[in-house]
Amino acid sequence: MVIYSVYVVNKAGGLIYQYDNYVPRAEAEKTFSYPLDLVLKHHDEKVVVSFGQRDGIRVGHAVLSINGVDVVGKNTAEGKDTLEYLNDPANYPVSIRFGRARLSSNEKLMLASMFHSLFAIGSQLSPDVGSSGIEMLETDVFKLHCFQTLTGIKFIVLADPRQSGIDALLRKIYEIYSDFALKNPFYSLEMPIRCELFDQNLKGSLEIAEKAGNFGAGS
């Protein structure tokens with residue numbers, strides 16, 4: 001079983017901690033001749049495929065590297081615009097690696113804030129008072145699990161749909177937060193968590209949960 005990532009969101013909707021435990025990298029690399037038989041465009045500071053699919057390359061995949069050198073945002077390692085570089089016949093043949101780009105820090109902050117808003121909307125849409133808000137969202141490839149404390153801190157885990165024991169794991173993460181963040185004299189409430197003991201204990205708990213398929217008695 002796989003646990004993909006952990007997010008901690010404060011009561012104002014700000015992301016105060018994020019850890020990627022496992023990020024699947026579906027990548028494809030191919031050598032192309034001119035002209036390129038894929039349509040590329042700029043999107044969110046990246047160069048992505050907007051049309052054409054082949055050999056494991058899909059619409060939405062980003063250009064990750066050119067000739068073995070990583071692409072930085074919309075530019076090559078030399079600072080040239082990637083689209084301009086790939087539109088120049090003199091640069092061919094060229095080896096391009098495509099894949100799903102990792103979320104940037106700003107994107108993670110934005111998504112955490114959006115989920116905070118959705119959580120509040122879920123509570124307000126409830127036909128009865130005292131709704132807990134969104135506790136789980138399910139897709140075909142992962143489940144998002146959320147546990148909100150009485151003080152409004154949200155602990156979010158993204159995991160394989162078959163992973164069991166997530167409720168117990170969420171409460172274990174809350175326990176780790178209480179022991180190693182809240183009790184840290186240098187930690188300020190609602191601020192980003194930067195604590196080595198918190199990191200170590202969180203990673204250990206995730207490893208136990210993955211190996212066992214669940215976490216804790218009765219989970």
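Residues numbered from 1 in each chain as written. Predicted model: local features only at pLDDT ≥ 70, side-chain atom pairs only at ≥ 80, totals over all residues. Heavy atoms only, no water.

Under an unreviewed UniProt entry, the name given to the chain is Trafficking protein particle complex subunit, and the organism recorded is Zoarces viviparus. You can read under Function (unreviewed entry) in the UniProt record for the chain the words "Core component of the TRAPP complexes which has a function of guanine nucleotide exchange factor activity for Rab1 GTPase. Plays a role in vesicular transport from endoplasmic reticulum to Golgi and autophagy. May play a role in dendrite postsynaptic membrane trafficking." (UniProt positions renumbered as here; feature names shortened; annotations may be inferred.)

Read from one edge of the open sheet, five strands run β2-β1-β11-β10-β9, paired in antiparallel fashion. Strand pairing shows two members of the sheet lacking a second neighbour, β2 (15–20) and β9 (136–138), which therefore form its edges. Within this sheet the neighbouring strands show an average axis-to-axis angle of 10°, counted without direction. Each of β1 (3–9), β10 (143–148) and β11 (154–159) touches helix α3 (residues 166–182); the most contacted strand, β11, lies at about 135° to it. The strands touched by helix α4 (residues 196–212) are β1 and β2; relative to β2, the strand with the most contacts, the crossing angle is about 45°. (Pairing = 2+ DSSP bridges. Helix = DSSP H or I, 4+ residues; strand = E, 2+ residues; numbered from the N terminus. Axes fitted to C-alpha atoms, helices over the stretch in contact; angles between N-to-C directions. Contact = heavy atoms within 4.5 Å.)

Now for the side chain of Thr149. Residue placement: Thr149 occurs in the loop between β10 and β11. Within polar-contact distance, the side chain of Thr149 engages the side chain of Thr151 at 2.9 Å. Once residues within four sequence positions are removed from consideration, Thr149 is found in contact with Phe155 and Tyr174. (Polar contact = N/O pair within 3.5 Å; in protein donor to acceptor, adjacent residues only side chain to side chain.)

On to unusual backbone geometry. Put simply, Tyr34 and Pro35 share a cis peptide bond, and its omega is 0°. Locating Pro35 in the fold gives a position in the loop between β3 (27–32) and β4 (39–43). The phi torsion at Asp55 lies on the positive side, around 50°, for a residue other than glycine. Note that Asp55 resides in the loop between β5 (46–51) and β6 (62–66). A positive phi angle is found at Asn67, which is not glycine, with a value near 55°.

Counting 25 residues, the largest nonpolar core has Phe155, Val157, Tyr177, Ile193, Phe198 and Leu202 as its most contacted members. Where this core is concerned, the elements lending two or more residues are β1, β2, β11, α3 and α4. When residues in this core are grouped by element, the largest group, seven residues, is from α3. Apart from residues no more than four positions distant in its own chain, Val157 is found in contact with Ile3, Ser5, Val6, Lys143, Leu144, His145, Ile166, Leu170 and Ile173. Core analysis: the second largest hydrophobic core is formed by 18 residues, Val49, Tyr85, Val94 and Phe98 among them. (Core = buried A, V, L, I, M, F, W, Y, C linked by side-chain atoms within 4.5 Å. Buried < 20%, exposed > 50% of the residue type's maximum accessible area, 1.4 Å probe, protein only.)

Taken as a whole, the second largest pocket holds about 260 Å³ of empty space. The residue makeup of the lining of the second largest pocket, split by class, is seven nonpolar, two polar and eight charged. (1 Å grid on protein atoms, 1.4 Å probe; cavity = no way out; pocket = protein on both sides within 12 Å on 5 of 7 lines; lining within 4 Å. Points joined across faces, edges and corners; volume = space filled by probe spheres on them. Nonpolar A, V, L, I, M, F, W, Y, C, P; charged D, E, K, R; others polar.)

The tally for this structure, following the rule as stated, stands at ten salt bridges. For the salt bridge of Asp179 with Lys183, the shortest nitrogen-to-oxygen distance reads 3.3 Å. You can call Asp179 partly exposed: its relative accessible area is 31%. Three or more residues joined by partner-sharing salt bridges are found here, namely Lys30, Asp37, Arg54 and Asp55. (Salt bridge = Lys/Arg side-chain N within 4 Å of Asp/Glu carboxyl O.)

With that settled, the discussion passes to the packing of α3 against α4. Relative to each other, α3 and α4 sit at 165°, their axes nearing to 9 Å. As summarised for this structure, α3 and α4 are arranged roughly antiparallel, according to the angle between their axes. Considering only the axes of α3 and α4, their crossing is right-handed. Residues Leu169, Lys172, Ile173, Ile176, Tyr177 and Phe180 of α3 touch α4, and the partners they reach there are Leu197, Phe198, Asn201, Leu202, Ser205, Leu206 and Ala209. For the contact of α3 with α4, the per-class residue count stands at ten nonpolar, two polar and one charged. (Parallel < 35°, antiparallel > 145°, perpendicular 65-115°, else oblique. Left-handed = near helix turned anticlockwise from the far one by under 90°.)

Mapping Ser95 onto the fold places it in strand β8 (residues 94–99). A residue is classified by how much of its surface remains accessible, and Ser95, at 17% relative accessible area, is buried. For Ser95, the side chain forms a polar contact with the side chain of Glu29, separated by 3.0 Å. Contact partners of Ser95, with chain neighbours within four places excluded, come to Glu29, Lys30, Thr31, Ser65, Ile66 and Asn67.

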